[in-house]
Amino acid sequence: MSTVAAENGTAGKRGARRWLPHTIALLSLLVILYPLAWLLATSLKPADEVVTSLDLWPSHLEWSNYTTALDGVSGVSVTRLLGNSLLIAVGAVVGNVVSCSLAAYAFARLRFRMRGPMFGFMVATLMLPHHVVLIPQYIIFNRLGLVDTYWPLILPKFLATEAFFVFLIVQFMRGLPRELEESARIDGCGAFRTYWAITLPLSRPALITTAIFTFIWTWNDFFTQMIYLFAPEKFTITLALRSFVDQSSTSAYGPMFAMSVISVLPIVLFFFVFQRYLVQGMATSGLKG
Amino acid sequence: MTTMSTDMPARTEQTEDPRPKSARRRRREQQWPAYVFLSPWMIGAVVLTLVPMAVSLYLSFTDYNLFDPPHWVGLRNYTEMLTEDPRYWRSVGTTLLYVVIAVPLKLGLALGAAMLLKNLGRGRAFYRSAFYAPSLLGASMSIALVWRALYNDGGTIPHLLDSIGIHTGGWVGNPDLAMYVVVGLTAWQFGAPMVIFLAGLQQISPDLYEAAALDGAGRRRQFVSVTVPMLSPVVFFNLVLEMIQSFQVFTPAFVVSNGTGRPADSTNFYTLYLYERGFTASHMGYAAAMAWLLLIAVGVITLILFRTSRSWVFYADEEGR
């Protein structure tokens, strides 16, 4: 397509067309990544430079921000906070991958009488604001004595409540060739065997996308965690950051942003390792190939 | 290329059995594995979605503080909300203004970036990933804190504006500007719709552009007559998705206002106010009523978008039907 565009121009314009997009892209990149650079730089700034200096680079690197941050908040260490976040995120990942792939397989591959209405309902819940079910869910977990535990954050994921992922896996499974599954059926495999041995391995890209998005979204989640968790030792890193905010004076700025860096580190890591799946997963969610 | 089709998975071979009774039995036997596969989802749909929806609808007609039994008050919550609560209307106004500004801004940036990247060739994959990064990080508490600091009194943005002669002061403490801090953070996360736009652009056949060029269409004409109609399903998908998400914005509003919606309720977004009414002030019935009005509003707007989409969304595969 770029060749078509280039052919419209004169020879001089063609040269400009070649470097102009790259220049714009590079400049946009600088603007887009500035907040991240700012975060990193501020986390290493001495207290007096955080507010007064507009220089991105600190005059010297203040590593003590990080040692202060590692001490954590209200006597709970950062390792503990990260561990809590990790526990919830991993629980959510396992729950979503298992329950969403089971439901998606039924919707994509099995015949049953209620498939139409049920699939319609599942798609409709994509648009349901969480707040409509929030209060009754809170009441249920409160009655069960599960408020201030991790159950309200993990259990719903085992019940395929995130329709987005069911939908994503359905879309992917529909694109798989049926021949393998059919021959497995002819060889005497039941639905479970076929799902486990054929469909699931073939669906790996969709499952990986589900796992990564679930991890990142759960890690970033603030609202649900704030509602359900009260005891500081059960806090996630996100909740701890919030208590950092409440008592914020400028002297706490450096350690606060050091902790911020620590808290986004797992996401950055995931991003670098899995960016191909992330970008593809997002792209295919809007398109049916 | 269609978006978010709600049609059912393609029907498999429908074997017509001459003996209806045994066929029905056989079909029932074949159906039980499907329901086993679906059982976690079905439990979730009933216990965590359908029943809670009914309960929250009931609660919206009650006075309920989580400890004493709900007390039926009829439409009291709704009438109070709509006629006696200026803070409610302020939160509606803030949220609507935010949605109306942030969503087109974000989608505009996303489309612009996708068009730019499409023509890049070399380096496209790198830029695509880099532009996408904010979409993952942006939802975090950390980045919301960064945004607050960047727009705060003495932060980078007011300084930058000062240096080009625009004196705004800190945005975070200014009731006229605080909401735009959240807009900025939202627009910054244009990477997710950009990726979807880019995938859509790449599915447009080059033949169409060539044919248009042969007919003498310039770049602008090609954009209007080829790109826009071919991309309209993706625009529609992004629009609906972003709109629904934007109505529920919470974390940045919470951070910018320190959880209070200040200054002067200017960042008291709908969900923030709902949280305050329900969980801080223990008016669960009132919060449930707010949630239901949110559901209705989002539902109505989605419906309007779907209805009007018939006149502007173009599905290429519809021609053959």
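Reading the values: rules and limits
Residues numbered from 1 in each chain as written. Chains lettered and ligands numbered in written order. Predicted model: local features only at pLDDT ≥ 70, side-chain atom pairs only at ≥ 80, totals over all residues. Heavy atoms only, no water. Helix = DSSP H or I, 4+ residues; strand = E, 2+ residues; numbered from the N terminus. Buried < 20%, exposed > 50% of the residue type's maximum accessible area, 1.4 Å probe, protein only. Contact = heavy atoms within 4.5 Å. Areas by Shrake-Rupley, 256 points an atom, 1.4 Å probe, with all protein chains shown as cover. Buried area = accessible area lost by both parts, 1.4 Å probe. Polar contact = N/O pair within 3.5 Å; in protein donor to acceptor, adjacent residues only side chain to side chain. Nonpolar A, V, L, I, M, F, W, Y, C, P; charged D, E, K, R; others polar. UniProt positions renumbered as here; feature names shortened; annotations may be inferred. Salt bridge = Lys/Arg side-chain N within 4 Å of Asp/Glu carboxyl O. Patch = residues over 30% accessible without salt bridge, like charges linked within 9 Å, V, L, I, M, F, W, Y side chains within 5 Å. Axes fitted to C-alpha atoms, helices over the stretch in contact; angles between N-to-C directions.

K.L.:
Before we move on, could you go through the overall build of chain B and cite the residues and values that matter?
P.N.:
Summing up its helical and strand segments, chain B has 13 helices and two strands in all. The 321 residues of chain B split such that 52% are buried. Sequence separation of at least 24 residues holds for 68% of the intrachain contacts in chain B that already meet a minimum separation of 6. In the form shown here, chain B has an accessible surface area of approximately 14,800 Å², with 61% of it arising from carbon and sulfur atoms.

K.L.:
Pulling in residues and values, what's your account of the interface of chain B and chain A?
P.N.:
Residue-level contacts link 109 residues of chain B with 102 residues of chain A. Summed over both partners, the interface of chain B with chain A comes to about 9,400 Å²; 76% of that surface belongs to carbon and sulfur atoms. For chain B, the biggest contributors to the area lost against chain A are Phe37(B), Trp41(B) and Leu48(B); these three give 10% of the whole. Connecting chain B to chain A are nine residue pairs in polar contact (both at pLDDT 80 or more). The element best represented in the side of chain B that touches chain A is helix H1 (residues 20-59) of chain B, accounting for 24 residues. Residue classes in the side of chain B that touches chain A are distributed as 72 nonpolar, 28 polar and nine charged.

K.L.:
If you had to explain the UniProt feature "transmembrane region" (unreviewed entry) in chain A to someone new, which residues and values would you point to?
P.N.:
Residues and elements named next belong to chain A. With numbering matched to this structure, UniProt assigns "transmembrane region" (unreviewed entry) to residues 23-41, 86-107, 119-141, 153-173, 194-219 and 252-274. Structurally, residues 86-107 comprises 100% helix and 0% strand, and the distance from its first C-alpha atom to its last is 31 Å. In residues 194-219, helix accounts for 96% and strand for 0%; the two terminal C-alpha atoms are 33 Å from one another.

K.L.:
Residue-level account of the UniProt feature "domain: ABC transmembrane type-1" (unreviewed entry) in chain B, with values.
P.N.:
The UniProt entry lists residues 92-305 of chain B under the feature "domain: ABC transmembrane type-1" (unreviewed entry), expressed in the numbering used here. For residues 92-305 of chain B, the helix share is 75%, the strand share is 0%, and the end-to-end C-alpha distance is 20 Å.

K.L.:
Could you give an account of unusual backbone geometry, with specific residues and numbers?
P.N.:
The omega angle of the peptide bond from Arg262(B) to Pro263(B) is 0 degrees, so this bond is cis rather than trans. Topologically, Pro263(B) is positioned in the loop between helix H11 (251-256) and helix H12 (270-280). In this structure, Ala160(A) takes a positive phi of about 50 degrees despite not being glycine. Looking at the element boundaries, Ala160(A) is found in the loop between helix H8 (151-154) and helix H9 (163-174). A residue is classified by how much of its surface remains accessible, and Ala160(A), at 3% relative accessible area, is buried. Of note, Ala264(B) is a non-glycine position whose phi angle comes to about 50 degrees, a positive value. Assignment of secondary structure puts Ala264(B) in the loop between H11 and H12. Taking the relative accessible area as the measure of exposure, Ala264(B) reaches 54% and is therefore exposed.

K.L.:
Residue-level account of helix H6 (residues 156-163) of chain B, with values.
P.N.:
Within the sequence span of H6(B), burial applies to Thr156(B), Pro158(B) and Leu161(B). Of the residues trailing H6(B), Gly165(B) is marked for its positive phi of about 90 degrees.

K.L.:
Break down the pattern of salt bridges for me, citing the residues and quoting the values.
P.N.:
All names here are of chain A. In this structure the tally under the stated criterion is eight salt bridges over all chains. Among the salt bridges present, the one from Arg109 reaches Glu181, with a minimum N-O distance of 2.7 Å. You can see Arg109 sitting in helix H5 (residues 78-109) and its partner Glu181 sitting in helix H10 (residues 179-186), a full 72 residues away along the chain. Asp148 is paired through a salt bridge with Lys234; the nearest N and O atoms lie 3.6 Å apart. One end of the pair, Asp148, is in the loop between helix H7 (131-143) and H8; the other, Lys234, is in the loop between helix H13 (223-228) and helix H14 (237-246), and 86 residues separate them in sequence. What makes Lys234 partly exposed here is its relative accessible area of 27%.

K.L.:
Describe in detail a nonpolar patch on the surface, supporting the description with residues and values.
P.N.:
All names here are of chain B. Taken together, Ile43, Val46, Val47, Leu50, Val51 and Val55 make up a surface patch of nonpolar side chains, about 430 Å² in accessible area. Considering the arrangement of structural elements, one finds Ile43 in helix H1. The class of Ile43 is partly exposed, set by a relative accessible area of 45%.

K.L.:
Which residues make up the packing of helix H4 (residues 124-137) of chain B against helix H8 (residues 191-202) of chain B, and what values go with them?
P.N.:
All names here are of chain B. Running from N to C, H4 and H8 point in directions that differ by 145 degrees, and their axes come no closer than 7 Å. Touching Arg124, Arg128, Phe131, Tyr132 and Ser135 of H4 are Gly191, Ala192, Met194, Val195, Leu198 and Gln202, all from H8. Tallied by class, the residues present in the contact of H4 with H8 amount to six nonpolar, three polar and two charged.

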